[in-house]
Amino acid sequence: MNQSTLKSLFWRRFKKNRLAVIGGIIVFCLFAVAVLTPLIAPYNPDAINVKHVLESPSISHPFGTDDLGRDILSRVIYGSRISLAVGFVAVGIATIIGVILGALSGYYGGWFDTVTMRFVDIMLSIPTFFLILAVIAMLEPGIWNIMIVIGITSWMGVARLVRAEFLSLKEREFVLSARALGASDFRIIFRHILPNAMSPVLVSAVLGIAGAVLVESALSFLGIGVQPPTASWGNILTIGKDNIEIAWWISVFPGIAIFITVLAYNLLGEGIRDSIDPRLKI
Amino acid sequence: MFIRNQKLETIKRLFFLYSVIHILLLSFFLSFLFISGCVKIDKGANAVQTANNDTAPAYGDTLVEGTIGEPSILIPMLAGDASSHDVAGLIINGLVKYDKDLTLVGNLADRWDISKDGLAITFHLKKGIKWTDGAEFTADDVMYGFKTIIDEKTPTAYSEDFKQVKKAEVLDKYTFKATYEKPFAPALTTWGNVVVLPKHLLEGKDITKSELGRQPVGMGPYKFVKWTPGQEVVLESNHDYFEGRPYIDRYVYRIIPDPATMFLELKAGNIDWMGLTPIQYTKQTNTAYFEKNFKKYRYPAPAYTYMGFNLCLKREQNTGRCIEKHPWFSDKRVRQAIAYAIDKQEIVDGVLFGLGSPATGSFVPNTWSYNPNVKKYEYNPDKAKQLLTEAGWRDTDGDGILDKDGRPFEFTILTNQGNNVRINTATIIQWRLAQIGIKVKVRTLEWSTFINEFIDKRRFEAVILGWSLGLDPDQYDIWHSSKTKEKEFNFVSYNNPEVDELLEKGRRTFDTDERKKAYFRIQEILADELPYIFLYVPDATPIVHARFKGIEPAPLIGMGYNIHKWYVPKEMQKHKVIP
Amino acid sequence: MITYLFKRLLEMIPTLVGITLISFFIIHLAPGKPTDVLADLNPKMTPEARERLEKYYGLDKPIHIQYVLWLKRIAKLDFGDSFSTDRRPVWTKIKERLPITILINTLALVLIFIIAIPIGVSSAVRPYSLYDKITTVVVFIGFAIPTFWLALLLMILFGVNLHWLPISGLKSMGYENLSALGKIWDWTQHLILPMTLEAFGGLAGYSRYMRSSMLEVVRQDYITTARAKGLAESKVIYKHALRNALLPVITLLGMSIPGLIGGSVIFENIFSIPGMGQLFYQAVMMRDYPVIMGILTIGAVLTLVGNLLADIGYALADPRIRTR
């Protein structure tokens, strides 16, 4: 099978999976919202108005206002940027670390492989959330620290996946012929094998974004997520939690935003996986 | 004197909102049970207690208090957090206490004599008071406590007041005498329960390793039963309490770390007493259900919240003396401009929902030392801009931010995590200052990091913090220019020779009129110079289940002072205590 | 089997050492010495006391020796004393909170298993059917809703409005006076909400994994053979396919333990459950380093034990492993 038939097979399978298509559309919309934020947010998300505190949804404030009279809709829209940034940067870091370590240990094997995989085992046995909590609290919560810490504590799955792909791919004909032609290891790893090993990485990255969004909200609940007044879904939700009985709108809208985002990424990720190879276990 | 080892739990504590984040100040331990302020019972509740037959005092029932923070150790001199002091205060009494009319009265001490020169206090202890293990409480216990508290090896934050004592003597079994080096006006107030220890249980042992920290023995209204870590501390009434057996048989201190969960527990009737947040007080407890089953109380807390500026850029390493002043904040006009740009009423309305009042100074309103007639700063952004222009701040590059000598007016306000009231205050200030062209960043820090790494090391531009004040007006440690060393409390490096002199005068005389004069003048100076912008005095807003009677909140003392007289009428009792 | 076990135990040692190295690294990540915090928290700490403490933690020695010293101590379960004002030994503090965390996580895991396997199997039997889609969405709801928020909603519903279940904590008032059965019932009631929530959150991972594992098995030749033989479909699925599809899920069991333990921080805080997660959060916020290190180490040991149990289960189920 050549590349193009593989691709068309992928699309045919993907389109058949309606949930995945819906997930993909939602993800696309989220991107659009994040990019167009200043245009679509009706208010300055930080504009305080103590005369309109905890107002229920109305025409002027479709999502209501929070405990400082800020417009929830605008905050949720601005929050989408933060959530996406956390998701993408964290997953980007994890993917880069995972791909490099996985590729090298899969390709070279030997002691490097042993050490790396042992390290993966170790990282996998430490409760990651504890690690994130400890590091962030010691460094100080802030969006960059959160992204970095989530990234460096979630690369292990990618490393294993990439290693497994490399193990099976490195003995394949196209690799052997490239080597016979005198290509450098670097070239073989990054130009020949890696592109063929990327599909499971893509799936795990899409799923990872969903995970990172959830971790941010959990950190916000504990008070060490993205710090107010910067709006993140997690910290809007946390404000809402304390007012849940009198102002449901503060927690419901960011809650739905998180829920839809996580669901969309998961459906999309699963859809991609099933379309590439339903037996992939990620 | 100071309480530094604040625990996280304390930070997030709801009970008495003012204590949520603070540095406890000056003889605080005397008043930990006695939260002062002028008390107002919420209008929705019927405040009058009629002693008819239905509501006759009766023994029995259990009081469940909800708390966010778990106590850390129940030996008062070792404890730093409010939870520990709350519980230990029910178990261990001090020599003196504040009465509801704000006079100091004897507690374990029956009476005392003060020598003519004011330098020596002789306490005559009540006779026949027993520790709950049966041993008699005597002057030796006080002496032992005193020796322990001034011992360098004891990790206590309260030794400073006791180091002023030149000589301590046990005259006889029931008489204890303390002689001071110099006149020390707050002296009497310091003899609270931090200095009382059961000598017979501790002698020859390391106090930090003592099991008394987890299983205390005292002589107060309640005695310790058990402490289930992370869940509850259970106390039961001390039948031999020297002021009479408390009516309520059991006191359970339930630990619930999440405020939203705690409120649900209150609503479900599983806790009887907690501190409400302003939102809970104003918006969530107005239903018929709450009106019927609970009673809300409200009184100003003896505390205030402020924004403090770092007046100094560079300090001498050891003395903390300022070498180079902060170029912006050391200019009085800049500080006054910021004060004009902040609408204190907006903060009180928007953050406290009206449960507090704008602060005008550093002293407790409604006490003899409080000066109400000082310069106040009404919200006036034009005046603020004008003052900034005078000080040389203009927006020359048109970016909306004022600048001077090529530097934009940008600074960071630090405050602590977990305190929504304070974070919201910072957010409002940020918003208001943006409107006069000052860009503010808000950074929230975990409490111990905040204090250890930023306040103590003076690494801040501006902070939002609060002081909890004792009832004695001595504020030497906050404002005196000698108190600027690392870890000392004049961390903004305020330096005014006149204030220094007045502070010294205020603590070295026993004449109340003299003291009052000194403190009134200090307040005038502070209001003009604004080393802090005094933001607000929050109200304490506790709620208690309506079946509890006999709660008589008193001005400036609060409600816990007579807990042994609280009761639940027989037919209203909810929990049966099986002994 | 015994040699296999022995080998597995032996393999755990380097992992354990690695874990302690990481914990050790974390404590040294923070600026300043760990004793600074303790000293800062106690203004009256004397220089001598400070020195004594530094000696205790071996801070006067080079870092690799410090590590060896620390390792020696934790081998004896001596994690030092907590930095909080109570100064209690870290192990005592962990010990009193460990059982409840293990209990809740184990129960949640059992619950997940009981629910996730049938869901996974049945959706694999009818892939892309409406049933498959509905279960997919339902299990992802559990995964995608922020747990603390859902927890509050359930507490309001069951605790406040309906009064069916207690809201938080582990025991009711008057627990001491209940009969043994009453005590168990009281505990059960308190555990229902946290357990259900934790299970709901973990459902997605297991049921999806079960589904794909099942899908893979169903394609195998021997299943086709079984079907060709004319065996009833239910027998094919539940007798032949399920057993083989379950094997990889057992491995997942071990791997999901760190996630569950991590999640207990949230649960234990919102439900006021005095477990390890709550202690860890408090320790982190107070920078109580000995406790942080202790819990990281213990949490990792728990994971390793979980992995080992899973491996043993796997070995018991699959003879090929044992003999390898």
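Higher on the page you've got the structure.
This structure is a prediction, so every number in the text was calculated from the model and none was measured. (Residues numbered from 1 in each chain as written. Chains lettered and ligands numbered in written order. Predicted model: local features only at pLDDT ≥ 70, side-chain atom pairs only at ≥ 80, totals over all residues. Heavy atoms only, no water.)

Colleague: So what's going on with the overall build of chain B? Which residues, and what values?
Modeller: From N to C terminus, chain B includes 16 helices and 25 strands. For chain B, the residues scored as buried account for 67% of the 579 residues in total. Partitioning the intrachain contacts of chain B with sequence separation of at least 6 by distance along the chain shows that 70% fall at a separation of at least 24. Just so you have it, chain B exposes about 19900 Å², and 49% of that area is on carbon and sulfur atoms. (Helix = DSSP H or I, 4+ residues; strand = E, 2+ residues; numbered from the N terminus. Buried < 20%, exposed > 50% of the residue type's maximum accessible area, 1.4 Å probe, protein only. Contact = heavy atoms within 4.5 Å. Areas by Shrake-Rupley, 256 points an atom, 1.4 Å probe, with all protein chains shown as cover.)

Colleague: So what about the overall build of chain C? Which residues, and what values?
Modeller: Looking only at helices and strands, chain C has 14 helices and 0 strands in total. Traced from its N-terminal end to its C-terminal end, chain C shows the element sequence α-α-α-α-α-α-α-α-α-α-α-α-α-α.

Colleague: Describe in detail the packing of helix α11 (residues 257-270) of chain C against helix α13 (residues 289-317) of chain C, supporting the description with residues and values.
Modeller: Residue and element names in this part refer to chain C. The interhelical angle for the contact between α11 and α13, taken along N-to-C directions, is 145°, at an axis separation of 9 Å. Note that α11 runs across α13; the crossing there is right-handed. For the pair formed by α11 and α13, the contact residues are Ile257, Pro258 and Ile261 on the first element and Gly299, Leu302, Thr303 and Gly306 on the second. Here the contact of α11 with α13 is composed, by residue class, of 4 nonpolar, 3 polar and no charged. (Axes fitted to C-alpha atoms, helices over the stretch in contact; angles between N-to-C directions. Left-handed = near helix turned anticlockwise from the far one by under 90°. Nonpolar A, V, L, I, M, F, W, Y, C, P; charged D, E, K, R; others polar.)

Colleague: Could you give me a rundown of the interface of chain A and chain B, with the residues and numbers involved?
Modeller: Between chain A and chain B, the residue contacts involve 23 residues of the former and 24 residues of the latter. Taken over both partners, the interface formed by chain A and chain B buries close to 2000 Å², and the fraction arising from carbon and sulfur atoms is 55%. Taken together, the links from chain A to chain B amount to 2 salt bridges. The residue Asp258(B) makes a salt bridge to Lys241(A) at a minimum N-O spacing of 2.6 Å. Applying the counting criterion to the chain A and chain B interface returns 5 residue pairs in polar contact (both at pLDDT 80 or more). The residue inventory of the side of chain A that touches chain B, partitioned by class, reads 12 nonpolar, 4 polar and 7 charged. (Buried area = accessible area lost by both parts, 1.4 Å probe. Salt bridge = Lys/Arg side-chain N within 4 Å of Asp/Glu carboxyl O. Polar contact = N/O pair within 3.5 Å; in protein donor to acceptor, adjacent residues only side chain to side chain.)

Colleague: Explain the pattern of salt bridges residue by residue, including any values.
Modeller: All names here are of chain B. Taken as a whole and assessed by the stated rule, the structure comprises 46 salt bridges over all chains. A salt bridge links lysine 314 to glutamate 324, with the nearest nitrogen and oxygen atoms 3.6 Å apart. With lysine 314 in strand β16 (residues 312-315) and glutamate 324 in strand β17 (residues 322-325), this pair connects stretches of sequence that are 10 residues apart. Lysine 314 sits in the partly exposed class, given a relative accessible area of 49%.

Colleague: An account of the nonpolar core is needed here, citing residue identities and associated values.
Modeller: Generally speaking, nonpolar side chains in soluble globular proteins are found buried as a group. Judged by nonpolar contacts, the single largest core of 255 residues is most densely connected at Met307(B), Ile338(B) and Phe409(B). Setting aside its immediate chain neighbours within four residues, Met307(B) contacts Ile338(B), Ile342(B), Ile413(B), Ile429(B), Ala462(B), Val463(B), Ile464(B), Pro531(B), Tyr532(B), Ile533(B) and Leu535(B). (Core = buried A, V, L, I, M, F, W, Y, C linked by side-chain atoms within 4.5 Å.)

Colleague: Explain the state of the cysteines to me, using residue names and the numbers behind them.
Modeller: Residue and element names in this part refer to chain B. What the rule picks out here adds up to 1 disulfide over all chains. At a sulfur-sulfur separation of 2.1 Å, the disulfide partner of cysteine 312 is cysteine 322. As the torsion about the S-S bond is roughly 105°, the cysteine 312-cysteine 322 disulfide counts as right-handed. Taken together, the residues cysteine 312 in strand β16 and cysteine 322 in strand β17 connect sequence positions 10 residues apart. Take cysteine 322: its relative accessible area is 28%, and that puts it in the partly exposed class. (Disulfide = S-S within 2.5 Å.)

Colleague: Give me the lowdown on the side chain of Gln336(B), citing residues and values where you can.
Modeller: Residues and elements named next belong to chain B. Its place among the elements puts glutamine 336 in helix α9 (residues 332-341). Within the local environment of glutamine 336, its side chain forms a polar contact with the side chain of tyrosine 377, the two groups lying 3.2 Å apart. Those residues in contact with glutamine 336 that lie beyond four places of it in its chain are Lys375, Tyr377, Leu387, Asp528 and Leu530.

Colleague: Describe in detail a nonpolar patch on the surface, supporting the description with residues and values.
Modeller: Residues and elements named next belong to chain C. A cluster of nonpolar residues, Phe6, Leu10, Ile13, Val17 and Leu21, forms a patch on the protein surface that exposes about 470 Å² of accessible area. With respect to the element layout, phenylalanine 6 can be found in helix α1 (residues 2-27). You can call phenylalanine 6 exposed: its relative accessible area is 54%. (Patch = residues over 30% accessible without salt bridge, like charges linked within 9 Å, V, L, I, M, F, W, Y side chains within 5 Å.)

Colleague: Break down the interface of chain C and chain A for me, citing the residues and quoting the values.
Modeller: Taken together, the contacts link 53 residues of chain C with 46 residues of chain A. One can count 5 residue pairs in polar contact (both at pLDDT 80 or more) joining chain C with chain A. At the level of secondary structure, the elements contributing two or more residues to the side of chain C that touches chain A comprise α1, α6 (130-144), α7 (147-161), α8 (180-218), α11, α12 (276-286) and α13 of chain C. Of all the elements, α13(C) adds the most residues to the side of chain C that touches chain A, at 8 residues. In the side of chain C that touches chain A, the residues fall into 36 nonpolar, 10 polar and 7 charged.

Colleague: Give me the sheet that holds strand β7 (residues 120-125) of chain B: which residues, what numbers.
Modeller: Residues and elements named next belong to chain B. Across the sheet, 4 strands lie side by side as β6-β7-β9-β8; this open sheet has antiparallel pairing. Lying at the two open borders of the sheet, with one neighbouring strand each, are β6 (109-114) and β8 (165-172). On average, each strand axis in the sheet is inclined to that of its neighbour by 20°, with strand direction left out of account. Strand direction decides the pairing type here: β7 and strand β9 (residues 175-180), joined by 5 bridges, are antiparallel. Within β9, the residue paired with isoleucine 121 across the bridge is alanine 178. The sheet strands contacting helix α3 (residues 139-150) are β7, β8 and β9, and the helix crosses β8 at an angle near 160°. (Pairing = 2+ DSSP bridges.)

Colleague: Mind laying out a positive patch on the surface, listing which residues take part and the relevant values?
Modeller: Together, Arg12(A), Arg13(A), Lys16(A) and Arg219(C) line one region of the surface with positive charge. Summarising the element assignment, Lys16(A) is placed in helix α1 (residues 3-16). (Lys, Arg positive; Asp, Glu negative; His and termini not counted. Charge placed at Lys NZ, Arg CZ, Asp CG, Glu CD.)

Colleague: So what's going on with the pairing of strand β22 (residues 439-445) of chain B? Residues and values would help.
Modeller: A regular strand places its side chains so that they alternate between the two faces of the sheet. All names here are of chain B. Where strand β21 (residues 410-416) meets β22, 7 bridges bridge the pair, whose relative direction is parallel. Looking at the pairing, glutamate 410 lines up with lysine 439 of β22. Handedness of the crossover is the feature at issue here: the chain leaves β21, passes through helix α12 (residues 420-435), returns alongside β22, and the resulting connection is right-handed. (Right-handed = clockwise from strand over helix to strand, strands pointing away.)

Colleague: Please set out the pairing of strand β3 (residues 62-67) of chain B residue by residue, giving values where relevant.
Modeller: Residue and element names in this part refer to chain B. With respect to burial, β3 is a largely interior element, 6 of its 6 residues being buried. Bridge count between β3 and strand β12 (residues 250-255): 6 bridges; the pairing is parallel. Considered in β12, the bridge of glutamate 65 is made with tyrosine 253.

Colleague: Got a sec to walk through the environment of Arg515(B)? Specific residues and values, please.
Modeller: All names here are of chain B. Inspection of the secondary structure puts arginine 515 in helix α16 (residues 512-529). On the accessibility criterion, arginine 515 (5% relative accessible area) is buried. As a C-alpha pair, arginine 515 and leucine 503 span 12 residues in sequence and 9.0 Å in three-dimensional space. For arginine 515, the contacting residues outside a window of four places in its chain are Ala185, Trp368, Asp472, Pro473, Asp474, Gly506 and Thr509.

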